[in-house]
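Residue-level structural notes
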Amino acid sequence: MKPLRHDLHLLSGVYVLDAIDSDTERDRFERHLGRCQSCSSEVRGLREVTTGLAMAAALQPPAAMHGRVLAAVRRTRQLPPAADTQPRHRLWPRWWPQERSRWLPRLALAAATAGVVAALVLGVILAGTQHRLGFAQAQNGAIARVLAAPDARVLTKSTSAGGTATVIVSPSERELIVTTAGLRPLPASKVYEAWLINPRRTRPAGLLPSPRGGKTQPLLATELMAGDELGLTVEPAGGTAKPTTTPILVIPLRA
Amino acid sequence: MMAMDPRDSHRARPGAVPEQGGEHDLDGLLALVARGDEPAFEAVYTRLAGAAYGLIRKVVRDPAQSEEVAQEVLLEVWRTASRFDPAKGSAATWVMTIAHRRAIDRVRSATATAARDQRAAEPLPASDEVAEAVEASLDRERVRHCLGGLTELQRESITLAYYGGYSYPQVAALLGATLSSIKTRIRDGLIRMRDCLGVSG
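This write-up is about the structure you can find in this document. (Residues numbered from 1 in each chain as written. Chains lettered and ligands numbered in written order. Predicted model: local features only at pLDDT ≥ 70, side-chain atom pairs only at ≥ 80, totals over all residues.)

1. Considering the overall build of chain A
- In terms of helices and strands, chain A carries 10 helices and eight strands.
- Taken across its 255 residues, chain A has 43% of its residues classed as buried.
- Within chain A, counting contacts between residues at least 6 apart in sequence, those at least 24 apart form 59% of the total. (Helix = DSSP H or I, 4+ residues; strand = E, 2+ residues; numbered from the N terminus. Buried ≥ 20, exposed ≤ 12 C-beta atoms within 10 Å, placed from the backbone. Contact = placed C-beta atoms within 7 Å.)

Below is the structure:
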């Protein structure tokens, strides 16, 4: 039941209201936007209308929010400008604002110091030692936040293609960290891609960095939704917007 | 049934919304934020936090959860400011799009189901909570006026989807209409508002 072009065009209104719940339908519309100049200019105009609706709903935020946000800002690293080399077929980053599922690691967390600190911290956690993580916070707020969350849990599972993945998940922070050990090395044309698998919406969760010494640097995923499972697939280099192969690993994230 | 009267969104006193400079300033501020300028971020906060929080409250309703989402959104603005592209839309729109998507993600995730079901019981914000000074290049009165120019059905569909956070199939179910009529109604309504507000496409 592929809709006609004309029907696709009619989705601009519900699209800017974020009222399309079906991934398939939204993806199809976004692909259409990439080809249809008048549609993308219509979407741009209608989005400005929604901003009017937002402005009309303004309320005084709680006074304490200001301090909390500024404190968070001071310990949060910013993303560098988007690289021109972003794969074209990644759907979310293409339209605007980019990256519905936000993946620090591809963009910022590759910073070696952060990775080293996180790996150290990870070692501490995996050894089962309770340890204050204040030092890591200074280095990397995002990863430290997950590690330090009172409800952080460690999950480890073997993949069907060898090796293991270890996940530290914090439902309260809605974030998780993935590391792997002993995954089969891939040719340059392939990559391991992580997913947040959910019946409602499966989101790409970033590409595993190339392993060093058989291990991959921590990958941070944000915006977990209830019912998410972490999946890992082998995809063409650059990654895809949807899994195209059978996952070699699926880890349910919540009890 | 939830309170979806569009009038809810226009509780501020008319004229209480001073313009604090045009969109260009906000765009410029975001460029500074992208370079790690904290005072610039504070200025963006001052101008947009009220709208982001108010919008999120509309969708999420629960004050504690709304604050949480609003904080995430504002942190996201800080973190991803380098990705803001003024060629694609205004700074306010960029921020409000993030805010709305985050709010929607929150209410559509199953954990929020219970809280969402409580929404009807949640009292509406007291009028003194209404921001007295918000960034408003499209000011409330104009928005109210333009919403008033829609047909009842257009207005209802748009407010259910945008403020209510419902998907359009849910809106269709709530209003007992077909999917295609909801799509059309929402698009026509927004186009009419665009023309009324004088937004350029």
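2. Quick look at the packing of helix 5 (residues 63–74) of chain A against helix 3 (residues 63–80) of chain B
- Taken N-terminus to C-terminus, the directions of helix 5 of chain A and helix 3 of chain B make an angle of 40°; their axes are 10 Å apart at the nearest point. In terms of orientation, helix 5 of chain A and helix 3 of chain B fall into the oblique class. As for how helix 5 of chain A packs across helix 3 of chain B, the hand of that crossing is right-handed. Contacts between helix 5 of chain A and helix 3 of chain B involve Met65, Arg68, Val69, Ala72 and Val73 of chain A from the former and Glu67, Ala70, Gln71, Leu74, Leu75 and Trp78 of chain B from the latter.
- Here the residues of the contact of helix 5 of chain A with helix 3 of chain B are counted per class, giving eight nonpolar, one polar and two charged. (Axes fitted to C-alpha atoms, helices over the stretch in contact; angles between N-to-C directions. Parallel < 35°, antiparallel > 145°, perpendicular 65-115°, else oblique. Left-handed = near helix turned anticlockwise from the far one by under 90°. Nonpolar A, V, L, I, M, F, W, Y, C, P; charged D, E, K, R; others polar.)

3. Examining the sheet that holds strand 7 (residues 229–236) of chain A
Residue and element names in this part refer to chain A.
- Taken together, the four strands give an open sheet; going across it, the order is 5-4-7-8, and neighbouring strands pair in antiparallel fashion. With partners counted over all chains shown, the strands left at the sheet margins are strand 5 (203–207) and strand 8 (249–252), one partner each. In this sheet, adjacent strand axes meet at a mean angle of 30° when their direction is disregarded.
- One ladder, built from four bridges, connects strand 7 with strand 8; its direction is antiparallel. Bridge pairing in strand 8 places glycine 231 opposite valine 250. (Pairing = 2+ DSSP bridges.)

4. Details of the interface of chain A and chain B
- Counting residues at the interface gives 54 residues for chain A, matched by 76 residues for chain B.
- Contributions of two or more residues to the side of chain A that touches chain B are made by helix 2 (12–16), helix 4 (37–56) and helix 5 of chain A.
- Classifying every residue of the side of chain A that touches chain B by side-chain character gives 31 nonpolar, 13 polar and 10 charged.

5. Considering helix 9 (residues 179–197) of chain B
Residue and element names in this part refer to chain B.
- Taking 1.5 Å as the rise per residue, helix 9 with 19 residues should run 27 Å; its terminal C-alpha atoms sit 27 Å apart, in good agreement.
- For helix 9, the full list of buried residues reads Ile182, Lys183, Arg185, Ile186, Arg187, Gly189, Leu190, Met193, Arg194 and Leu197.
- Just downstream of helix 9 lies glycine 198, where phi reads positive at about 70°. (Expected span 1.5 Å × (residues − 1).)

6. Here we look at unusual backbone geometry
- With phi around 55°, aspartate 18 of chain A is a residue other than glycine that occupies positive phi space.
- You can see aspartate 18 of chain A is positioned in the loop between helix 2 and helix 3 (23–35).
- A residue is classified by how many C-beta atoms lie within 10 Å of it, and aspartate 18 of chain A, with 24 of them, is buried.
- Phi at arginine 61 of chain B is positive, roughly 75°, even though this residue is not glycine.
- Inspection of the secondary structure puts arginine 61 of chain B in the loop between helix 2 (38–60) and helix 3.
- Given 26 C-beta atoms within a 10 Å radius, arginine 61 of chain B is considered buried.

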